[in-house]
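A look at the structure
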Amino acid sequence: MHTQQIYSIIGIGIGPFNLGLAALLEPVQEVNALFFDQTDAFDWHPGLMLQHTTLQDPFMGTDLVTMADPTSRFSFLNFLKKTGRLFQFFIRHDFYMLRREYNIYCKWVAAQLPNCRFSHRVTKVTYTEGLYQVTVSHTRTGETTTYQAERLVIGTGTQPYMPPFIDNNRLPGVIHSSEYLSAKKDILQQGSLTIVGSGQSAAEVFYDLLPEAQNGFRLHWFTRSDRFFPMEHSKLTLEISSPDYVSYFYRLPADRRASILRTQNSLSKGINYSLIDQIYDMLYEMTVGGKKVPVQLRANCELTSITPALQDKLYTLQFMQLQQQTPFSHQASSILLATGYRYNEPAFLQGISERICRMHNGAFDVQRNYTIDVNGQEIFLQNAETHTHGFTAPDLSMGAYRNSWIINTITGREIYHPEERIAYQDFGVTALPQPV
């Protein structure tokens, strides 16, 4: 069945970025938009909704709309007001939003946007007579509908990444950190957990289970990095996450951008200073009087393989100690890989492959306005442009800024003013001086 209505834009995927786009588009009457997601409801990283965990940036930057429009009714502060928690949040004296409350806030926004349709899976996209034909299947009824749109916004997000040598059929005791909460009961029954990874998720799981070590629970944490390093949040360094730096980074040659990204792990992939301190303080308190706890932390260890051990329900992990260049093995009954997330290109893009611009290596050739189509104004990309726009692409704090660009491009006028010059420092020179 083909609907007759032509939408200005169809968004595919309703994560925080496309949800923020829907919220910012709500008062823009000239744009009629529709958003689809295959999940039954908004639910952000449910496997890591741990007690006490917060987002890593202050609420002003991480909510869906404030950095584009502080007056929006979809702001986090308005959510607090409408739900009777504004004074409590103020008295709390903490700018960092609880992760569980962020999820509730996003659900609150989604519930007010009738153009956000969950339980709808996009199965096919084609281009005919100047319009994108988007075929959508209802995940519960099976009903299929085709919608027409002038433009698309691809916000299908990233998926949990597992090393290629992991075969889940042979290794049922190996899980990704995104599955932690649903597996926690079984992990506790096993009596031990081996964590592999160096980032925030690994540290949060370790800290969550650390009190169990007082009751004999065995906890091992391995990381390939040379230390358990903090995410750098000094103020002048934070200017590297500014719009100024995005524009500077975008103008660099592709090979130079790739080289720079390899040096910036401490800006996005480390652990909160406060969490590192909390882990150390708890270990110190647990070992008062020389008490031993069954906890092991090791850096410089690269995981090379996991295989079932001869002994039932055990696995053998092979590591390489990188600085010593010494291999060693470790046995575990349950293993959690905090190996991050990666973008997987959705299959439906094959139907419009001739309209998508790519770089020589096959990556999307993302333009400064976040488009990837041949006309530079029709297919927008959310959170898949790290290689062109820098390490902030996945950050919640850049969502409203990117959506300002998208909305302004769609309407052809400045609906939201994207601040471009906010840093005190200069990131480049316009031209090199000529030799005398």
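Structure's up top.
This section reports on the structure supplied with the text.

What counts and what doesn't
Residues numbered from 1 in each chain as written. Predicted model: local features only at pLDDT ≥ 70, side-chain atom pairs only at ≥ 80, totals over all residues. Heavy atoms only, no water. Pairing = 2+ DSSP bridges. Helix = DSSP H or I, 4+ residues; strand = E, 2+ residues; numbered from the N terminus. Axes fitted to C-alpha atoms, helices over the stretch in contact; angles between N-to-C directions. Contact = heavy atoms within 4.5 Å. Disulfide = S-S within 2.5 Å. Polar contact = N/O pair within 3.5 Å; in protein donor to acceptor, adjacent residues only side chain to side chain. Core = buried A, V, L, I, M, F, W, Y, C linked by side-chain atoms within 4.5 Å. Buried < 20%, exposed > 50% of the residue type's maximum accessible area, 1.4 Å probe, protein only. Parallel < 35°, antiparallel > 145°, perpendicular 65-115°, else oblique. Left-handed = near helix turned anticlockwise from the far one by under 90°. Nonpolar A, V, L, I, M, F, W, Y, C, P; charged D, E, K, R; others polar. Expected span 1.5 Å × (residues − 1). Salt bridge = Lys/Arg side-chain N within 4 Å of Asp/Glu carboxyl O.

In this section: the sheet that holds strand S11 (residues 192-196). Read from one edge to the other, the open sheet built from five strands follows the order S10-S17-S11-S12-S13, with strand pairing classed as parallel. Strand pairing shows two members of the sheet lacking a second neighbour, strand S10 (174-176) and strand S13 (295-298), which therefore form its edges. The average angle at which neighbouring strand axes cross in this sheet is 15 degrees, direction not considered. Alignment of strand S12 (residues 218-222) against S13, held across four bridges, turns out to be parallel. Within S13, the position partnered with Leu 219 by the bridge is Val 295. In the packing of helix H6 (residues 180-190) onto the sheet, the strands contacted are S10, S11 and strand S17 (335-337), and the crossing angle to S10 comes to about 150 degrees.

Quick look at the state of the cysteines now. Counted by the stated rule, this structure contains zero disulfides. A disulfide-free cysteine, Cys 106 has its sulfur positioned 11 Å from the sulfur of Cys 116, the nearest such atom.

Turning our eyes to something else, we now look at unusual backbone geometry. Here Asn 300, not a glycine, exhibits a phi torsion of approximately 65 degrees, which is positive. Mapped onto the secondary structure, Asn 300 falls in the loop between S13 and strand S14 (301-308). In the Ramachandran plot, Gln 325 falls in the positive-phi region, its phi being about 55 degrees despite a non-glycine side chain.

A few words on the environment of Asp 40. Among the structural elements, Asp 40 can be located in the loop between strand S2 (33-36) and strand S3 (54-58). Sequence separation between Asp 40 and Ala 149 is 109 residues; the distance between their C-alpha atoms is 23 Å. With sequence-adjacent residues up to four places away left out, Asp 40 is seen in contact with Phe 118, Ser 119, Thr 139 and Arg 140. There is a polar contact of 2.8 Å between the side chain of Asp 40 and the side chain of Ser 119.

Within the open sheet, the three strands sit side by side as S14-S15-S16. Their pairing is antiparallel. Unpaired on one side and paired on the other, S14 and strand S16 (326-332) mark the two borders of the sheet. In this sheet, neighbouring strand axes are inclined to one another by 25 degrees on average, regardless of whether the strands run parallel or antiparallel.

On to the nonpolar core, then. Residues Leu 19, Leu 25, Tyr 102, Tyr 105 and Val 109 are the most contacted members of the largest nonpolar core, which totals 44 residues. Taken together, the elements giving at least two residues each to this core come down to helix H1 (16-25), S2, helix H3 (76-82), helix H5 (99-111) and helix H14 (399-411). The biggest single contributor to this core is H1, with seven residues. For Val 109, the residues in contact, after removing those within four places along its chain, are Leu 19, Ala 23, Leu 64 and Phe 74. Among the nonpolar cores identified, the runner-up in size contains 28 residues, and Leu 48, Leu 50, Ile 195 and Ala 203 belong to it.

Once that is clear, we can look at the side chain of Glu 204. Turning to its location among the elements, Glu 204 is positioned in helix H7 (residues 200-209). Take Glu 204: its relative accessible area is 4%, and that puts it in the buried class. Non-local contacts of Glu 204, meaning those with residues more than four positions away in its chain, are made with Leu 50, Thr 53, Arg 99 and Leu 275.

Interhelical geometry of H1 versus H14 gives an angle of 55 degrees and a closest axis separation of 9 Å. Viewed along their axes, H1 and H14 adopt a mutual orientation that is oblique. Between H1 and H14 the crossing geometry is right-handed. In this structure, H1 contributes Phe 17, Gly 20, Leu 21, Leu 24 and Leu 25 to the contact, and H14 contributes Gly 399, Ala 400, Arg 402, Asn 403, Ile 406 and Ile 407. Along the lines of polarity and charge, the residues of the contact of H1 with H14 split into seven nonpolar, three polar and one charged.

The next point concerns H14. The first and last C-alpha atoms of H14 sit 18 Å apart over 13 residues, in line with the 18 Å expected at 1.5 Å per residue. Just downstream of H14, Gly 412 is the residue with a positive phi angle, here 75 degrees.

Moving on: the packing of helix H9 (residues 243-250) against helix H10 (residues 254-261). Between H9 and H10, the shortest axis-to-axis distance is 9 Å and the interhelical angle comes to 130 degrees. One way to sum up the angle between H9 and H10 is to call them oblique. Along the contact surface, H9 presents Tyr 245, Phe 249 and Tyr 250, while H10 presents Arg 257, Ile 260 and Leu 261. Each residue belonging to the contact of H9 with H10 can be placed in one class, and the counts come to five nonpolar, no polar and one charged.

Next up on the list: the pattern of salt bridges. Enumeration over the complete set of coordinates arrives at 15 salt bridges. With a closest N to O distance of 2.5 Å, Arg 413 and Glu 30 form a salt bridge. Of this pair, Arg 413 sits in the segment after H14 while Glu 30 is found in the loop between H1 and S2, placing the two residues 383 residues apart along the sequence. Relative accessible area serves as the criterion here: at 44%, Arg 413 is assigned to the partly exposed category. Using a relative accessible area of 44% as the deciding quantity, one classes Glu 30 as partly exposed. Salt-bridge contacts for Arg 151 lead to Glu 150; the nearest nitrogen and oxygen are separated by 3.8 Å. For Glu 150, a relative accessible area of 37% corresponds to the partly exposed category. The network of salt bridges with shared partners includes Asp 244, Arg 421 and Asp 426.

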